[in-house]
Amino acid sequence: AAARDLRAETAGPGDAVELAKGHLVQPWPFAGSVGAEARALIGEGDGIYITDGTGKKLIDGPAGMWCVNIGHRREELAKVMYNQAMALSYNTPWYTMNAPSAELAMRIAGHAPGDLSHVFFTTGGSSAVETALRFMQFYNNVRGRPEKKLIMSRGGAYHGSTYLSASLNGRPRTRDWMDGADDLVVKLSSPDPFRRPAGMSISAFADLLVDEFRDTLARVGADRIGAFVGEPVQASGGVIVPPDGYLTRIREICRDNDILYVSDEVVTAFGRLGHVFASGDVFGIDPDMITFAKGVTSGYFPLGGVIISERLLEELRRSNHPDAMFGHGLTYTSHPVGCAVALRNLDILEDSVLAHAREVAPYFQAQLKTLEEVPLVGEVRGLGLMGCVECVADRESKDPLQLDKDVGKRIDAHCHELGLLVRPLINMCVMSPPLIIIREQIDDMVAILREGISRTMDDLRKEGVW
Ligand code: PMP
């Protein structure tokens with residue numbers, strides 16, 4: 001195919017935009033602009049800041065995609081990457097192993113709750129969720145329970161972009177035009193307290209969710225359900241913090257019914273909620289498997305994984321089928337460079353960043369909460385260093401402003417001009433800055449966000465749509 005050769009030229013930002021439009025398919029494109037779209041070009045990162053293609057400095061509000069936890073441009077991570085690549089850049093995982101992956105597995109297991117003891121490393125979050133699900137299928141096949149394979153997931157969930165992980169997703173827009181393994185998935189409601197039935201208390205709402213879970217088991221048959229998969233805090237669904245006690249109750253029901261509880265901590269692990277894992281330390285649950293990615297390397301290298309309970313592995317070892325093979329593996333499983341980066345990243349988190357995140361989180365939440373003063377805002381919610389500003393058509397009805405109003409994107413555009421990158425989600429803006437953010441920077445971030453929302457509100461008023 002005809003391709004412009006820039007090797008002889010000095011490529012500037014304008015060139016990159018043209019090249020992207022000519023040759024790059026970007027993620028989550030609309031059919032009308034697929035392969036023909038330019039997005040905001042990012043040139044450099046430093047700490048909590050990134051610089052766009054025009055040289056404008058912005059606060060990285062979403063920390064990349066909830067992942068640049070220790071911040072951009074950490075020289076020690078770059079050095080570790082260099083040193084490991086010079087020592088050993090790759091080894092074939094089918095019949096060899098490397099030391100960084102073994103050490104990382106041990107360090108991760110040390111932070112994991114309950115009897116989670118072993119790690120299978122993947123290339124990211126989708127492959128981690130996919131691995132957990134395929135492991136559940138294998139586990140039940142080996143146990144002679146081939147009918148026990150259905151997977152429960154919830155509205156508002158996001159678990160990935162591979163076929164099976166994507167089939168669990170609960171956000172309609174990511175599913176509407178896509179196929180999925182629908183016959184394998186049983187859907188539950190989102191545990192979103194903001195959208196609970198009018199007049200209902202939050203504890204009654206938790207009861208309602210638990211009842212729905214039990215009713216679904218009774219209707220579908222617990223003997224057909226292999227796993228429940230849930231994010232402790234639904235991230236891409238709009239930072240949905242579930243009602244107190246709900247997760248522990250679901251965990252107990254799963255245990256009673258031989259259903260594997262998979263806690264998807266792709267976003268919440270490695271410091272986002274102030275701890276390496278949130279399942280045990282924040283929510284008091286001990287899942288059968290935890291999936292992680294993103295923050296494990298602070299986004300410096302694509303790596304994810306599943307932590308698996310010792311009990312499950314022991315059951316397989318003792319099965320009547322010791323030769324049955326878990327036919328699942330990835331070329332880049334246990335990648336030495338990724339694991340070396342993750343080890344250093346974990347040192348930094350343990351040394352100072354986790355404690356800092358715990359210390360600064362209440363301030364972050366309190367400052368963000370002040371945005372509820374802006375009339376366009378229906379609710380500000382969050383936990384740790386995850387927050388979401390949800391805009392509504394009307395505070396009484398809580399009607400979300402629909403996609404055609406493009407509120408999130410408009411706020412993002414204003415904020416970009418003012419020096420902040422936000423993650424727009426239809427009528428919401430999600431904030432999850434690098435965990436190293438300090439109070440003054442939180443003040444800057446919230447001030448810009450306030451101004452961006454106010455300007456958007458003025459635009460909507462002028463257009464007569466709000
Ligand atoms: N699970 C959750 C909770 C996520 O937020 C994401 C990504 N945003 C994934 C899984 C998929 O991870 P990845 O994009 O690394 O494949």
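Cut-offs used in this document
- Residues numbered from 1 in each chain as written.
- Predicted model: local features only at pLDDT ≥ 70, side-chain atom pairs only at ≥ 80, totals over all residues.
- Pairing = 2+ DSSP bridges.
- Helix = DSSP H or I, 4+ residues; strand = E, 2+ residues; numbered from the N terminus.
- Axes fitted to C-alpha atoms, helices over the stretch in contact; angles between N-to-C directions.
- Contact = placed C-beta atoms within 7 Å.
- Expected span 1.5 Å × (residues − 1).
- Buried ≥ 20, exposed ≤ 12 C-beta atoms within 10 Å, placed from the backbone.
- Arc of directions from axis to C-beta.

1. As for the sheet that holds strand β3 (residues 57-60)
Consideration 1: The mixed open sheet is built from 4 strands, whose spatial order is β1-β2-β3-β13. Of all the strands in the sheet, just β1 (42-46) and β13 (420-421) have a single pairing partner and so form its edges.
Consideration 2: Note that β1 and strand β2 (residues 49-52) share 4 bridges and pair antiparallel. Bridging from a neighbouring strand, I42 pairs with D52 of β2.

2. Remarks on the sheet that holds strand β11 (residues 377-383)
Strand pairing in a sheet relies on backbone hydrogen bonds, with the paired strands running either antiparallel or parallel.
Consideration 1: Taken in spatial order, the 4 strands line up as β11-β12-β15-β14 in an open sheet, and their pairing is antiparallel. The sheet is open, and its two edges are formed by β11 and β14 (423-425), each paired on a single side. Between one strand axis and the next, the sheet turns by 20° as a mean value, whatever way the strands run.
Consideration 2: In the sheet, strand β12 (residues 386-391) pairs with strand β15 (residues 428-431) via 4 bridges, with the strands oriented antiparallel. Following the sheet pairing, G387 is matched in β15 by M431.
Consideration 3: Seen against the sheet, helix α12 (residues 336-369) touches β11, β12 and β15 and runs at an angle of roughly 175° to β11.

3. Overview of helix α3 (residues 75-87)
Consideration 1: Here α3 contains 13 residues, and its C-alpha end-to-end distance of 18 Å stays within 8% of the 18 Å for a straight helix at 1.5 Å per residue.
Consideration 2: L77, V80 and Q84 are the residues of α3 that are buried. Buried residues of α3 fall within an arc of 60° about the axis and therefore sit on the same side. Among the exposed residues of α3, those pointing more than 90 degrees away from its buried face are E75, K79, Y82, N83 and M86.
Consideration 3: Where α3 is buried, its residues meet α4 (99-111) and α12.

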